[in-house]
Each structure stands twice: as C-alpha cells, then as structure tokens.
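# Structure assessment
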Amino acid sequence: MTWRYTGDMPATYPAYLAIGEDGQVQTLVAEPGKTYEIQPAEGTETVTPSEKEGGKPTVTKLPVPPEGPWERVKTTTSSSDKGKE
C-alpha cells in the first residue's frame with residue numbers, strides 16, 4: 001500500500017522502513033508530497049506475555065502508516081509512485 005506524506009517539514013521515522021521501486025529498503029525519511037511503501041522495521045513489535053499459564057504471548061506490530069500527516073494513495077499501474085507529485 002502506498003502512502004503520501006502531507007506534512008510541511010521532512011520527518012524521520014526510525015521505527016519504519018521505506019521500500020523503493022528497486023526493492024531497496026531504508027529508514028523512512030519522509031519528504032512533503034512524496035509517496036512511500038511503508039513497513040515497520042524488524043524488532044519494533046511489542047510482545048505481551050499471556051495472562052494464562054502456558055498461553056501464547058500477544059505480538060503487536062506498529063501501525064502503518066506511522067502517526068502523523070499521511071494519506072493513502074490508490075495506485076493502478078505500479079506498486080509505488082515515489083517521487084511523483
């Protein structure tokens with residue numbers, strides 16, 4: 001899913017990764033008006049132990065997109081339109 005950063009100032013989200021059109025993965029550094037494929041970084045999950053003995057722990061992943069000024073972008077032909085405005 002593609003998201004457009006609608007903030008006025010660049011922002012860095014160290015707990016998230018941006019996936020480029022070439023498959024390159026890097027820390028999400030959002031620029032106003034640009035679009036990104038976003039995923040939480042490895043190791044950012046929260047694990048809560050089960051209250052029942054022998055129960056499975058609950059794993060909670062970060063929400064996508066991160067908190068902030070983001071809007072969903074519907075794409076029809078490509079997985080990402082990063083760089084288009």
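In what follows, the accompanying structure is described. Since this is a predicted model, take the numbers as computed values, not measurements. (Residues numbered from 1 in each chain as written. Predicted model: local features only at pLDDT ≥ 70, side-chain atom pairs only at ≥ 80, totals over all residues. Heavy atoms only, no water.)

### Brief notes about the overall build of the chain
We count it as follows: Helix and strand definitions follow DSSP, with helices as H or I runs of at least four residues and strands as E runs of at least two, each counted in order from the N terminus. Contact criterion: two residues are considered in contact whenever any of their non-hydrogen atoms come within 4.5 Å of each other. The Shrake-Rupley method, run with a 1.4 Å probe, gives the accessible areas here. Residue values count only the displayed protein chains as cover.
Along the backbone of the chain there are zero helices and seven strands. Start at the N end of the chain and walk to the C end: the helices and strands fall as β-β-β-β-β-β-β. Excluding contacts between residues fewer than 6 apart, the proportion of contacts in the chain whose partners are at least 24 apart in sequence is 59%. For the chain, the exposed surface amounts to about 6000 Å²; the carbon and sulfur share of it is 49%.

### A short note on the packing of aromatic side chains
Selection rule: Aromatic pairing here means that ring centres of Phe, Tyr or Trp (its six-membered ring) are within 6.5 Å. Orientation follows from the plane angle: under 30 degrees is stacked, over 60 is edge-to-face, and everything else is tilted. Exposure classes here rest on a 1.4 Å probe applied to the protein chains alone. A residue is buried below 20% of its type maximum, exposed above 50%, and partly exposed in between.
Inspection of the entire model under this criterion finds four aromatic pairs. Centroid distance Tyr13 to Tyr16: 6.5 Å. Interplanar angle 85 degrees. Geometry classified as edge-to-face. Exposure class is identical for Tyr13 and Tyr16. Each is buried. Through a chain of ring-to-ring contacts, three or more aromatic side chains come together here, namely Tyr5, Tyr13, Tyr16, Tyr36 and Trp70.

### Examining the pattern of salt bridges
We count it as follows: A pairing counts as a salt bridge when a side-chain nitrogen of Lys or Arg comes within 4 Å of a carboxyl oxygen of Asp or Glu.
Counted according to the given criterion, the structure contains one salt bridge. The salt bridge involving Arg4 is made with Glu71; its shortest N-O contact spans 3.2 Å. Of this pair, Arg4 sits in strand β1 (residues 2–5) while Glu71 sits in strand β7 (residues 70–73), and the two are 67 residues apart along the sequence.

### Description of the side chain of Glu37
This is how the line gets drawn: For the purpose of charge, His is not counted, nor are the chain termini; Lys and Arg are scored as positive and Asp and Glu as negative. Here a polar contact is taken to be a pair of N or O atoms separated by no more than 3.5 Å, where protein atoms must pair a possible hydrogen donor with a possible acceptor and residues adjacent in sequence count only if both atoms sit in side chains.
Residue placement: Glu37 occurs in strand β4 (residues 35–40). In this structure Glu37 is buried but unpaired, with Arg72 as the nearest side chain of opposite charge at 9.6 Å. Here the side chain of Glu37 touches Thr2 through a polar contact of 2.5 Å, side chain to side chain.

### A short note on the nonpolar core
What counts is decided by this rule: Only buried residues count toward a nonpolar core, which is a set of Ala, Val, Leu, Ile, Met, Phe, Trp, Tyr and Cys residues joined through side-chain atoms within 4.5 Å.
Ranked by size, the top nonpolar core spans eleven residues in total: Trp3, Tyr5, Ala11, Tyr13, Tyr16, Ala18, Leu28, Ala30, Tyr36, Ile38 and Trp70. For this core, the elements supplying multiple residues, two or more each, are β1, β2 (11–19), β3 (25–30) and β4. With residues up to four places along the chain from it excluded, the contact list for Tyr16 reads Gln26, Thr27, Leu28, Ile38, Gln39, Pro40, Ala41, Leu62, Pro63, Val64 and Pro66.

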